[in-house]
Amino acid sequence: MTITSTASSAVSATLPPRESAAHHGDAAPTASDLLRWDREHVWHAFTQMQDYDPLLIERGEGSWLVDTDGNRYLDGSASMWCNVHGHRHPRLDAALAEQAAKVAHTTNLGLSNPTTVEFARRLIEVAPQGLEKVFFSGDGSSAIETALKMAFQYWLQAPTPQPDRKIFVAIGEAYHGDTLGAIGVGGVDRFTAMFQPLTFQAIRIPSPGGPCPATGNAPPSLGESLATVERIFMEHRGTIAALIMEPIVQAAAGIYVHPPGFLRGVADLARRHEVLLILDEVAVGFGRTGTLFACEQEGVSPDFLCLAKGLTAGYLPMAATLTTPRVWNAFLGTHADRRTFFHGHTYGGNPLAAAVGLASLDVFRDDRVLETLPPKIERLREHAARLSRLPHVGAVRQCGLLAGFDLVANRATGAAYPWQERRGMRASLAARKHAALVRPLGDVVVIMPPLSITLDELDTLAAAVEAGIREATA
Ligand SMILES: *Cc1c(COP(=O)(O)O)cnc(C)c1O
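Fair warning: this is a prediction, and the values are worked out from it, not measured in the lab.

1. Section: the pattern of salt bridges
Taken as a whole and assessed by the stated rule, the structure comprises 21 salt bridges. With a closest N to O distance of 3.4 Å, E378 and R381 form a salt bridge. Remark: R381 and E378 occur in helix α14 (residues 369–387); sequence separation between them is three residues, near one turn of the helix. Of the residues examined, R381 reaches a relative accessible area of 42% and is grouped as partly exposed.

Written as structure tokens, this is what we have:
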């Protein structure tokens, strides 16, 4: 005790006194205070803080974001892929306020809340058939951890237990989140390689959507990919717990679009080899690919469906892992049977988030949001075709209202830029000057706006991205 208190007083003695007035006086902090405090105190995700240059977004309105100086930007990344109906949507705002007037949070450990129950019911109604159970958590990574642990425990407790089923199969370049289990099945090595000693290793299938044709390495064909999946299932007969994949398009990998039939083929093989199928629709769920869920496009209903990002239309953190009665039943028993799923997240099923999620499904239904998408997807296709002719744009990949543009040093050879030049980031920062906020994936420039973006706004966004690319590759 003595040593501890001596040490801490020694530390505090070396610190300058706090400017208490500036920190919590009556005067609101100025924009320049906030910019400085942001740089001093806030550790930003996926950001090298040594060169961090703050941009403070104070307000939002539809597809637009407004900074503390009043500059307006189109939200070209849907606030990191989660905004669906635009910012400050009146119905979502009202649902949030209404719920706040009742209760903001109650636990879902052993008790419940009407709004959360109603939301679970509505999710089941819109989800692919067979999914009838909803486990709520707080973010996409947690939805993945939940599915991995449920799949593992399922095999221990299945009607005919198969305790040897412990291995997970995943797709190369996959991104499933940043927690340790999620990076175990992830494949974006530039982020995760150093953490390998802390994670379990999944078996990887090369992505049939990448690497991009621009580099000269053609991705494996549909037939080759499915043959690989089958070979792995045979080689590891009886030891694979589940296969996890992002259906139709791998977003964070660089917008890798799978060949048609891949999802269907994998799902059929998984069923035949008794491998559970986990679909990660954290990025693509809620309309991004043109259907409410991407897996609908190939008529696939998985054993686990992981949802987050768009689940609350980009308002609040919430995630859900949907599963089947078959999985649920394996966890039933008396307390003494020890079949309980001992896993949970404090804010799982939060009523404020559930209220907004519910209102978002109402908006999808009442405003026929999915029916508004085809002309926007077509307009994005036209812009993508134009941008694909820029001197330093290689491959362009689009899926629904989502497009990625590879920046390359040489279009003819497909040679990449040295990664240190950060051309993708430079193009994105240059686009800011033309009133658009986009965030790249390495040297892939990404357009992923809220689904509610108008055609005119889409034109403005594409023009800004084009200007940004021209500037960064001049
Ligand atoms: C963003 C994302 C995740 C992780 O979600 P978080 O809410 O950031 O934890 C998982 N899978 C996919 C496909 C994602 O795009």
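2. So, the domain arrangement of the protein chain
What the domain assignment reports for the protein chain is domain 1 (92–366) and domain 2 (371–472). Each of domain 1 and domain 2 has a C-alpha centre, and these two points are 28 Å apart. With 21 residues of domain 1 in contact, the opposing surface of domain 2 contributes 24 residues. Summed over both partners, the interface of domain 1 with domain 2 buries about 1,500 Å², with 69% contributed by carbon and sulfur atoms. Counting across the domain 1 and domain 2 interface gives zero salt bridges. On the surface where domain 1 and domain 2 come into contact, there are four residue pairs in polar contact (both at pLDDT 80 or more).

3. Focus: the site of the ligand
Inspection of the region around the ligand gives W81, D139, G140, S141, Y175, H176, G177, E246, D280, V282, A283 and K309 as its neighbouring residues. At 2.7 Å, a backbone N or O of G140 approaches an oxygen atom of the ligand. Between D280 and the ligand, the recorded distance is 2.7 Å, taken from a side-chain N or O atom to a nitrogen atom. For the ligand, whose free accessible area comes to 380 Å², the fraction covered by protein is 83%. Residue composition of the shell around the ligand, grouped by class: four nonpolar, four polar and four charged.

Quick notes on the rules
Residues numbered from 1 in each chain as written. Predicted model: local features only at pLDDT ≥ 70, side-chain atom pairs only at ≥ 80, totals over all residues. Heavy atoms only, no water. Salt bridge = Lys/Arg side-chain N within 4 Å of Asp/Glu carboxyl O. Helix = DSSP H or I, 4+ residues; strand = E, 2+ residues; numbered from the N terminus. Buried < 20%, exposed > 50% of the residue type's maximum accessible area, 1.4 Å probe, protein only. Domains from an automatic or database assignment. Contact = heavy atoms within 4.5 Å. Buried area = accessible area lost by both parts, 1.4 Å probe. Polar contact = N/O pair within 3.5 Å; in protein donor to acceptor, adjacent residues only side chain to side chain. Near = heavy atom within 4 Å. Areas by Shrake-Rupley, 256 points an atom, 1.4 Å probe, with all protein chains shown as cover. Nonpolar A, V, L, I, M, F, W, Y, C, P; charged D, E, K, R; others polar.

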